[in-house]
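# Topology and contacts: notes
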Amino acid sequence: MATIETFRGAAHPWLCDVMGHLNTRNYVAMFDDASMHLISALGYDFADARAGKFGWADVHAEIDLLAEVGTGELVKVVSCIPKLGNSSLTSQHEMKNVTGERVFARYTLKTVFFDLQARKSHTIPEIYRSAAAELAPAN
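Anyway, here's the lowdown on the structure attached to this text. (Residues numbered from 1 in each chain as written. Predicted model: local features only at pLDDT ≥ 70, side-chain atom pairs only at ≥ 80, totals over all residues. Heavy atoms only, no water.)

In terms of regular secondary structure, the protein chain is built from three helices and six strands. The C-alpha atoms of the protein chain give 16 Å as radius of gyration, which agrees with the globular expectation for 139 residues (14 Å, within 12%). Overall size of the protein chain, expressed as C-alpha extent along the three principal axes, is 45 × 35 × 20 Å. When each of the 139 residues of the protein chain is scored for burial, the buried share is 40%. Residue pairs at least 24 apart in sequence account for 68% of intrachain contacts in the protein chain once pairs closer than 6 positions are excluded. Surface accessibility of the protein chain: about 7600 Å² in total, with carbon and sulfur atoms responsible for 50%. Taking the average place of the 13 positive charges on the side chains of the protein chain and the average place of its 16 negative ones, the gap between the two points comes to 4 Å. (Helix = DSSP H or I, 4+ residues; strand = E, 2+ residues; numbered from the N terminus. Rg over C-alpha atoms; globule rule 2.2 N^0.38 Å. Buried < 20%, exposed > 50% of the residue type's maximum accessible area, 1.4 Å probe, protein only. Contact = heavy atoms within 4.5 Å. Areas by Shrake-Rupley, 256 points an atom, 1.4 Å probe, with all protein chains shown as cover. Lys, Arg positive; Asp, Glu negative; His and termini not counted. Charge placed at Lys NZ, Arg CZ, Asp CG, Glu CD.)

Right, let's talk about the layout of surface pockets for a bit. One number sums up the size of the largest pocket: a volume of about 190 Å³. Lining of the largest pocket is provided by 15 residues; of these, M36, I39, F46, W56 and D58 occupy positions nearest its centre. Listing elements by their share of the lining of the largest pocket, those giving two or more residues are helix 1 (24-41), strand 2 (54-65), strand 4 (88-97) and strand 5 (103-115). No other element matches helix 1, which puts five residues into the lining of the largest pocket. Per-class residue counts for the lining of the largest pocket are nine nonpolar, four polar and two charged. (1 Å grid on protein atoms, 1.4 Å probe; cavity = no way out; pocket = protein on both sides within 12 Å on 5 of 7 lines; lining within 4 Å. Points joined across faces, edges and corners; volume = space filled by probe spheres on them. Nonpolar A, V, L, I, M, F, W, Y, C, P; charged D, E, K, R; others polar.)

Summed over the entire model, instances satisfying the criterion amount to three salt bridges. Of the charged contacts, one joins K96 and E94 as a salt bridge, the two residues approaching to 3.6 Å between their closest N and O atoms. Among the residues examined, K96 registers a relative accessible area of 17% and is labelled buried. Taking the shortest distance from any N to any O, the salt bridge between R106 and E94 comes out at 2.6 Å. Taken together, the residues span a long stretch of sequence, with R106 in strand 5 and E94 in strand 4 at a distance of twelve residues. The class of R106 is partly exposed, set by a relative accessible area of 29%. The exposure class assigned to E94 is buried, which follows from its relative accessible area of 17%. Sharing partners across several salt bridges, the network here consists of E94, K96 and R106. (Salt bridge = Lys/Arg side-chain N within 4 Å of Asp/Glu carboxyl O.)

What follows is about the side chain of D115. With respect to the element layout, D115 can be found in strand 5. One buried charge, D115, has no salt-bridge partner; the nearest side chain with opposite charge is K120, at 7.0 Å. From its side chain, D115 meets the backbone nitrogen of Q117 in a polar contact 2.8 Å long. (Polar contact = N/O pair within 3.5 Å; in protein donor to acceptor, adjacent residues only side chain to side chain.)

Time to look at the packing of aromatic side chains. Under the counting rule described, the total for this entry stands at eight aromatic pairs. With 5.9 Å between their ring centres and 70 degrees between their planes, Y44 and Y128 make a pair best called edge-to-face. Remark: Y128 occurs in helix 3 (residues 126-133) and Y44 occurs in the loop between helix 1 and helix 2 (47-50); sequence separation between them is 84 residues. With respect to class, Y44 is no different from Y128; both count as buried. Here the aromatic residues Y44, F46, F54, W56, F113 and Y128 are joined through ring pairs into a cluster of three or more. (Phe/Tyr/Trp six-rings, centres within 6.5 Å; stacked < 30°, edge-to-face > 60°.)

Structure, rendered in structure tokens:
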């Protein structure tokens, strides 16, 4: 399955808890940034959302925290799209150390393409669908 890098960051002291590791809320923030970069990589222009046209709505998220991210650790997130539906996609994100040798966490996110005026799901346009297929498993 093809992956792309969608985030790089650091576990700054102010992102860590009293035990010296990345706080859960900050894992989620980093994964949220990664998911926005993934959607952007499909060709989506966030100006559509700001204009009230079409956007993406997260409807289900799961996180597996596998190893502690200590203060000062440099991390990256790589992402792929293991499932592509009619109006939704499922993305998977892995947070790793920058060399990619250690996986700290996995985040799985179901996201729906959303008509912001009708307030309901909408078929994913072909331009985004074909780009998403590039990051999906081969058939």
